[in-house]
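For reference, the chains in residue letters:
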Amino acid sequence: MKLYFAPGACSLSPHIVLREAGARFELEQVNNAEKKTKSGEDFWKVNPKGQVPVLVLDSGEKLTEGPVIVQYIADHSPASGLAPAAGTMDRYRVQEWLNFTTSELHKTFGPIFRPTTPDEFKKLSKENLGKRFDWLDKQLAGRMYLMGDKFTIADAYLFTVLRWTARIEIDLAKWPNLKAYFDRVAARPKVREAMKAEGLIQ
Ligand SMILES: N[C@@H](CCC(=O)N[C@@H](CS)C(=O)NCC(=O)O)C(=O)O
């Protein structure tokens, strides 16, 4: 498999999952501003949506949309336990978390990063994130991970998105359970490996 990624972007989530699953994969770095890959490919041709992540499967087929890619990887390494079996209530719970992260958190960050977004809109978006974090902090009380004691694909995604708070001056210390959760995920060896490979940590 080959993962197209941009350092620190949402593609970090499937990157973490590939390592946690012990899968064999290659990485191809994308310059998202220029839509070129490190090896000179036109990224628009790889993904006409112009977005990472893209996972190229061993069959040559391409899969996009992070929350789907992580489920594909987990389902192809069932022994990793990174996602509960399809059709079980626990699987729907994981999907519930993936959908919350994508729709309530991930897509709120984009306009805050953009220099052309009006300050009022940025302020409102940060307030909205804060409200979600208030709720998340309560959910994480007494829990190691989103699903309990076991790390799942939902944690890889939430961690990836929470990393971005540092870029917009949101201090996670305001939410002690969320901060402890973030630090716990950040300390996992495979998570560190992925971040190192993307040049995010030494
Ligand atoms: N719906 C897509 C969104 C992916 C996405 O937002 N990718 C961002 C990086 S986090 C990107 O590549 N942005 C570049 C662009 O839109 O030009 C998914 O969940 O995978």
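Residues numbered from 1 in each chain as written. Predicted model: local features only at pLDDT ≥ 70, side-chain atom pairs only at ≥ 80, totals over all residues. Heavy atoms only, no water.

So what's going on with the site of the ligand? Residues and values would help.
Close to the ligand lie 13 residues; Cys10, Lys35, Glu65, Gly66 and Lys107 are nearest. The backbone of Gly66 places a nitrogen or oxygen atom 2.8 Å from an oxygen atom of the ligand. Burial of the ligand by the protein chains amounts to 75% of its free accessible area of 520 Å². At the level of secondary structure, the elements contributing two or more residues to the shell around the ligand comprise helix 3 (66–75) and helix 4 (89–113). Of the residues that constitute the shell around the ligand, the class distribution is five nonpolar, five polar and three charged. (Near = heavy atom within 4 Å. Polar contact = N/O pair within 3.5 Å; in protein donor to acceptor, adjacent residues only side chain to side chain. Areas by Shrake-Rupley, 256 points an atom, 1.4 Å probe, with all protein chains shown as cover. Helix = DSSP H or I, 4+ residues; strand = E, 2+ residues; numbered from the N terminus. Nonpolar A, V, L, I, M, F, W, Y, C, P; charged D, E, K, R; others polar.)

Give me the packing of helix 1 (residues 12–21) against helix 6 (residues 153–162): which residues, what numbers.
Interhelical geometry of helix 1 versus helix 6 gives an angle of 140 degrees and a closest axis separation of 8 Å. In terms of axis orientation, helix 1 runs oblique to helix 6. For the element pair helix 1 and helix 6, the recorded crossing hand is right-handed. Residue-level inspection shows Leu12, Ser13, Ile16 and Val17 of helix 1 in contact with helix 6, the latter providing Ile153, Ala156, Tyr157, Phe159 and Thr160. Tallied by class, residues from the contact of helix 1 with helix 6 come to seven nonpolar, two polar and no charged. (Axes fitted to C-alpha atoms, helices over the stretch in contact; angles between N-to-C directions. Parallel < 35°, antiparallel > 145°, perpendicular 65-115°, else oblique. Left-handed = near helix turned anticlockwise from the far one by under 90°. Contact = heavy atoms within 4.5 Å.)

Residue-level account of the packing of helix 4 against helix 6, with values.
Two elements in contact, helix 4 and helix 6, have axes whose closest approach is 9 Å; the angle formed by their N-to-C orientations is 10 degrees. Classified by the angle between their axes, helix 4 and helix 6 sit roughly parallel to one another. In the crossing of helix 4 with helix 6, the sense of the turn from one axis to the other is left-handed. The segment helix 4 lies against helix 6, with Val94, Trp97, Leu98, Thr101, Thr102, Leu105, His106 and Phe109 engaging Ile153, Ala154, Tyr157, Leu158 and Val161. Among the residues making up the contact of helix 4 with helix 6, the classes are represented as ten nonpolar, three polar and no charged.

How would you sum up the nonpolar core? Please name residues and give values.
Of all hydrophobic cores here, the largest spans 52 residues; its most connected members are Phe133, Leu136, Ile153, Phe159, Leu178 and Tyr181. Mapped by element, the contributors of at least two residues to this core are strand 1 (2–5), helix 1, helix 3, helix 4, helix 5 (119–139), helix 6, helix 7 (176–186) and helix 8 (189–197). When residues in this core are grouped by element, the largest group, eight residues, is from helix 6. The contact partners of Tyr181, leaving out residues within four places of it in the chain, are Leu140, Met144, Tyr145, Leu146, Asp155, Leu158 and Leu162. (Core = buried A, V, L, I, M, F, W, Y, C linked by side-chain atoms within 4.5 Å. Buried < 20%, exposed > 50% of the residue type's maximum accessible area, 1.4 Å probe, protein only.)

Can you break down the packing of aromatic side chains residue by residue, with the values?
Any two aromatic rings considered together are summarised by their centre-to-centre distance and by the angle between their planes. Evaluation of the coordinates by the stated rule reveals ten aromatic pairs. The interplanar angle of 85 degrees and the centroid separation of 6.0 Å between the aromatic rings of Trp97 and Phe100 together place this pair among those described as edge-to-face. Here Trp97 pairs with Phe100, and both are found in helix 4, just three residues apart, close to one helical turn. Neither Trp97 nor Phe100 differs from the other in exposure class; each is buried. Seen in terms of ring centroids, Phe159 and Phe182 are 4.9 Å apart; in terms of plane orientation they differ by 25 degrees. Their pairing is stacked. Taken together, the residues Phe159 in helix 6 and Phe182 in helix 7 connect sequence positions 23 residues apart. Cluster of aromatic residues (ring-pair linked, three or more members): Trp97, Phe100 and Trp135. The residue whose ring lies beneath Lys35 is Trp44, and the NZ or CZ to ring-centre distance is 5.5 Å. (Phe/Tyr/Trp six-rings, centres within 6.5 Å; stacked < 30°, edge-to-face > 60°. Lys NZ or Arg CZ within 6 Å of the ring centre and 35° of its normal.)

Go over the sheet that holds strand 1 with me, naming the residues and quoting the values.
What the five strands build is an open sheet, ordered 3-2-1-4-5; its pairing is mixed. On the outer flanks of this sheet lie strand 3 (36–37) and strand 5 (62–64), each paired with one strand and no other. Pairing analysis gives two bridges linking strand 2 (residues 26–31) to strand 3, with the strands arranged antiparallel. Looking across to strand 3, one finds that Asn31 is bridged to Lys36. Together, strand 1, strand 2 and strand 4 (54–56) form the strand contacts of helix 1, whose direction differs from that of strand 1 by roughly 150 degrees. Docked against the sheet, helix 3 engages strand 4 and strand 5, running at close to 125 degrees with respect to strand 5. (Pairing = 2+ DSSP bridges.)

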